[in-house]
Amino acid sequence: SDSYFTLTAQDNVDISFKYYVSSESSYDKLYINFIDISGTSTNKVTLSGTSNSYTNYNISLNKGEKLNISYSNGKQLLKRLNMFGVTLEEIKKYDS
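Quick caveat: nothing in here was measured; it's all calculated off a predicted structure.

1. Observations regarding the packing of aromatic side chains
- What the rule picks out here adds up to three aromatic pairs.
- Consider the rings of Phe17 and Tyr19, whose centres lie 6.3 Å apart with planes at 50 degrees: the pair is tilted.
- Owing to a relative accessible area of 21%, Phe17 belongs among the partly exposed residues under this scheme.
- Here Tyr20 and Tyr54 contribute two aromatic rings whose centre-to-centre distance is 5.3 Å and whose plane-to-plane angle is 45 degrees, an arrangement assigned as tilted. With Tyr20 in the loop between β2 (13–19) and β3 (28–35) and Tyr54 in the loop between β4 (41–47) and β5 (55–61), the pair connects residues that are 34 residues apart, well separated along the chain.
- The partly exposed category is assigned to Tyr20, whose relative accessible area is 40%.

2. Details of the confidence of the model for the protein chain
- Of the residues in the protein chain, 96% reach a pLDDT of 70 or more, and the chain-wide mean stands at 86.
- Helix α2 (residues 88–94) is the least confidently modelled element of the protein chain, averaging 74 in pLDDT, while β5 averages 94, the highest of any element.

3. Some remarks on the sheet that holds β3
- With antiparallel pairing, four strands are arranged side by side in an open sheet as β1-β6-β3-β4. Each of the sheet's edge strands pairs with one partner strand only, and the pair in question is β1 (2–8) and β4. Recorded for the sheet is a direction-independent mean angle of 15 degrees between the axes of neighbouring strands.
- For β1 and strand β6 (residues 66–73), the ladder comprises seven bridges, and the chain directions are antiparallel. Bridge pairing in β6 places Phe5 opposite Ile69.
- Helix α1 (residues 74–83) contacts β3 and β6 of the sheet and is inclined by roughly 65 degrees relative to β6.

Cut-off values and rules
- Residues numbered from 1 in each chain as written.
- Predicted model: local features only at pLDDT ≥ 70, side-chain atom pairs only at ≥ 80, totals over all residues.
- Heavy atoms only, no water.
- Phe/Tyr/Trp six-rings, centres within 6.5 Å; stacked < 30°, edge-to-face > 60°.
- Buried < 20%, exposed > 50% of the residue type's maximum accessible area, 1.4 Å probe, protein only.
- Helix = DSSP H or I, 4+ residues; strand = E, 2+ residues; numbered from the N terminus.
- pLDDT = per-residue confidence, 0-100.
- Pairing = 2+ DSSP bridges.
- Axes fitted to C-alpha atoms, helices over the stretch in contact; angles between N-to-C directions.
- Contact = heavy atoms within 4.5 Å.

Here it is in structure tokens:
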């Protein structure tokens with residue numbers, strides 16, 4: 001399952017926050033993505049496992065740009081896919 005939120009800059013803004021990751025390595029992932037005005041998404045951070053400490057994150061957004069932060073729980077997703085007969089091996093065939 002996934003959880004996410006997206007911040008949209010209403011004006012030029014500097015955003016700063018700290019994050020800490022404590023998740024099951026290789027299954028759970030934290031993503032931080034920048035989305036420009038044209039809608040092009042650029043991955044800035046992908047983490048899985050456990051951080052040893054809080055990490056500072058700073059980004060400047062121009063009006064209309066977005067910051068998307070999401071969390072993906074791979075085990076739950078795999079369980080749901082398995083209910084529909086999709087296996088991990090089938091997914092790996094398409095993983096690039």
